[in-house]
Amino acid sequence: MANRPASKRRTNSTRHPGAHDTVKGRAGRILVKGNKDATYETSPEQETAVLVAVPDKRQDDALTTEYLDELAFLTETAGTVPTKRFIQKLEKPDLRTFVGSGKLEEIRAYVQHHDTSVVIFDDDLSPSQLRNLEAELKVKILDRTLLILDIFASRAKTATSRTQVELAQYQYLLPRLTGLWSHLDKQRGGVGMRGPGEREIETDRRVVRDRISLLKEQLQEFDKQSQVQRKARAGTLRVALVGYTNVGKSTLMNLLSRADVFAENKLFATLDSTVRKVVLDNVPFLLSDTVGFIRKLPTRLIESFKSTLDEIREADLLLHVVDISHPMFEEHIQVVNDTLKDIGAAEKPTILVFNKIDQYQTDVDPAAHLHGVEPDHAEDLHHADDVQQRPTLEQLQASYMARLHDPVIFISAQERQNVDELRSMISRRLRVLYEQQYPGHPPFPDLSAYSAAE
Ligand SMILES: Nc1nc2c(ncn2[C@@H]2O[C@H](COP(=O)(O)OP(=O)(O)OP(=O)(O)O)[C@@H](O)[C@H]2O)c(=O)[nH]1
Ligand SMILES: [Mg+2]
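Residues numbered from 1 in each chain as written. Chains lettered and ligands numbered in written order. Predicted model: local features only at pLDDT ≥ 70, side-chain atom pairs only at ≥ 80, totals over all residues. Heavy atoms only, no water.

Q: Is there a simple way to think about the packing of helix α13 (residues 329–342) against helix α14 (residues 393–403) in this case?
A: Packing of α13 against α14 leaves a shortest axis separation of 14 Å and a crossing angle of 30°. Classified by the angle between their axes, α13 and α14 sit roughly parallel to one another. Remark: the crossing between α13 and α14 carries right-handed chirality. In contact with Phe 329, Glu 330 and Ile 333 of α13, α14 contributes Leu 396, Tyr 400 and Arg 403. When its residues are assigned to classes, the contact of α13 with α14 shows 4 nonpolar, no polar and 2 charged. (Axes fitted to C-alpha atoms, helices over the stretch in contact; angles between N-to-C directions. Helix = DSSP H or I, 4+ residues; strand = E, 2+ residues; numbered from the N terminus. Parallel < 35°, antiparallel > 145°, perpendicular 65-115°, else oblique. Left-handed = near helix turned anticlockwise from the far one by under 90°. Contact = heavy atoms within 4.5 Å. Nonpolar A, V, L, I, M, F, W, Y, C, P; charged D, E, K, R; others polar.)

Q: What am I meant to see in the sheet that holds strand β11 (residues 350–355) here?
A: Note: strands within a sheet are paired through backbone hydrogen bonds, in either parallel or antiparallel orientation. Across the sheet, which stays open at both edges, the 6 strands sit in the order β8-β9-β7-β10-β11-β15 with mixed pairing between neighbours. Both edges of this open sheet fall to β8 (274–280) and β15 (408–410), since each of them pairs with a single strand only. Pairwise comparison of adjacent strand axes, ignoring direction, gives a mean angle of 25° for this sheet. Of the pairings in the sheet, the one linking strand β7 (residues 237–243) to strand β9 (residues 283–289) comprises 5 bridges and is parallel in character. Residue pairing in the sheet places Leu 241 in a bridge with Asp 289 of β9. Lying on the sheet, α14 is in contact with β11 and β15; it crosses β15 at an angle near 170°. (Pairing = 2+ DSSP bridges.)

Q: Sorry, what's going on with the side chain of Asp 122 here?
A: Along the chain, Asp 122 falls in the loop between β5 (118–121) and α6 (127–137). Asp 122 gets classed as buried once you look at its relative accessible area, which sits at 3%. The contact partners of Asp 122, leaving out residues within four places of it in the chain, are Val 52, Ala 53, Tyr 67, Leu 71, Arg 144, Arg 295 and Lys 296. (Buried < 20%, exposed > 50% of the residue type's maximum accessible area, 1.4 Å probe, protein only.)

Q: Help me understand the pairing of β8, please; the structure alone is not making it clear to me.
A: Looking along a regular strand, one sees the side chains alternate between the two faces of the sheet. By the bridge criterion, 7 bridges tie β8 to β9 in an arrangement that is antiparallel. Bridging across to β9, Arg 276 finds its partner in Leu 287. Counted between consecutive antiparallel strands, the loop separating β8 from β9 contains 2 residues, among which Asp 281 sits at a positive phi close to 50°.

Q: Where do I start with helix α4 (residues 61–77) in this structure?
A: Spacing of three or four residues puts side chains on the same side of an α-helix, whose turn is 3.6 residues. Given a rise of 1.5 Å per residue, 17 residues ought to cover 24 Å, and the 24 Å separating the end C-alpha atoms of α4 matches this to within 8%. For α4, the tally of buried residues reaches 15 of 17 residues, placing the bulk of the element in the interior. Among the residues trailing α4, Gly 79 stands out with phi positive, at a value near 85°. (Expected span 1.5 Å × (residues − 1).)

Q: What is the right way to look at the pattern of salt bridges in this model?
A: In a structure, side chains of opposite charge can pair up when their charged atoms sit close to one another. Under the counting rule described, the total for this entry stands at 23 salt bridges. With a closest N to O distance of 3.7 Å, Arg 295 and Glu 331 form a salt bridge. Taken together, the residues span a long stretch of sequence, with Arg 295 in the loop between β9 and α11 (299–303) and Glu 331 in helix α13 at a distance of 36 residues. Assessed through its relative accessible area of 8%, Arg 295 is described here as buried. Take Glu 331: its relative accessible area is 24%, and that puts it in the partly exposed class. A salt bridge links Arg 313 to Asp 310, with the shortest nitrogen-to-oxygen separation between them at 3.0 Å. Of the two residues, Arg 313 and Asp 310 are both situated in helix α12 (residues 306–313); the distance of 3 residues between them amounts to about one turn of the helix. Each of Glu 70, Asp 122, Asp 123, Arg 144, Arg 295, Lys 296 and Glu 331 takes part in one network of salt bridges that share partners. (Salt bridge = Lys/Arg side-chain N within 4 Å of Asp/Glu carboxyl O.)

Have a look at this one:
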């Protein structure tokens, strides 16, 4: 976790002393509140974002910081620099403007005096909230789903994933076709403006509905093709890498299959599933890398990735990869398990792979994850006394092994620690699964017919 904030920054366009502090010294590091201009230097073309969270009154401050930190990471992945965060604890978000009128005034004052391209909310906004906020703040407003969709749009490479993302974007936009952003300069583009958003915003709903039907038909067509491919793979064991975004799934895919899959310290580096043939200890199987999960991913968005998720649904064994160095790893496990349940893949044989043990630290300073973004009040600042003690790796290993039915392994894909143990754990498990599924069959038929499987 410690190197996350710095390594993903675009150093060519952004100077960010705070981020370097985050990496170097944890204890005693305090983020300085004050003049933004003294702390940040961004190039004129670089978009800047103000982040807003409205946590429930009872939500722990450290958790709020973590959630905002993830939003900052998403924002940066979309190519925008977060410069300020606002938090308002509320029993319930305001129906009209999501934040209360006092906080809205604070945000407006900030936006007026600091160059701000976009205000991003960590929750989904209703169509009318989006409209009201845009009218009040006079800048582009994004909510969490729009931001994620924007990242997906910029990452989609294949015809299938592009169609899937476009479908999700149109489905999101349909109830919102009410002149949103109409007074903004549409030529400027930037975050949230990729895809159909601004181009179609004023067109008739019927046109959008037609487009949605067409995209669905196209996806069905893609689905038929992949069903044919999948049939050709019948009789071959299938293993899928699943997990929260940025945990190291693609890195592990590369390691296990010696494939060259795009791995990067950004969220949603992988949007298309990649399938490779792998042989471990004479056990052949097909390994697929899949799109990462994230909290609050709308169910409809997940559904539009149906064919990608079929790889998971049809797998015989899941490798659930966890970034143990992340302070929120336990919540991440829960999000992944809930998402697996949503897509009907909860009961599959699973190996829980705790990755990034090289980066695991027993003391966690919540302030180290602020991404150097200036918070709006002291609540968001955690000082050295807040440093939390985490169990040692050995303690974690012992407790997870005792608690869970599934096999558990602790590795570092990057440092190649315990990877051989993982390999033999996979092959042992697959042998058992093969015997259960194909009793009486000679073990592990010739796979040459499937070598082109992709
Ligand atoms: N320190 C450390 N970093 C790792 C390890 N494994 C992967 N990483 C890094 O973590 C980042 C994310 O890795 P990816 O393999 O792209 O993760 P992913 O789960 O495929 O991510 P998405 O496709 O975005 O969901 C990259 O910067 C990797 O180099 C590890 O064992 N230790
Ligand atoms: Mg990946």
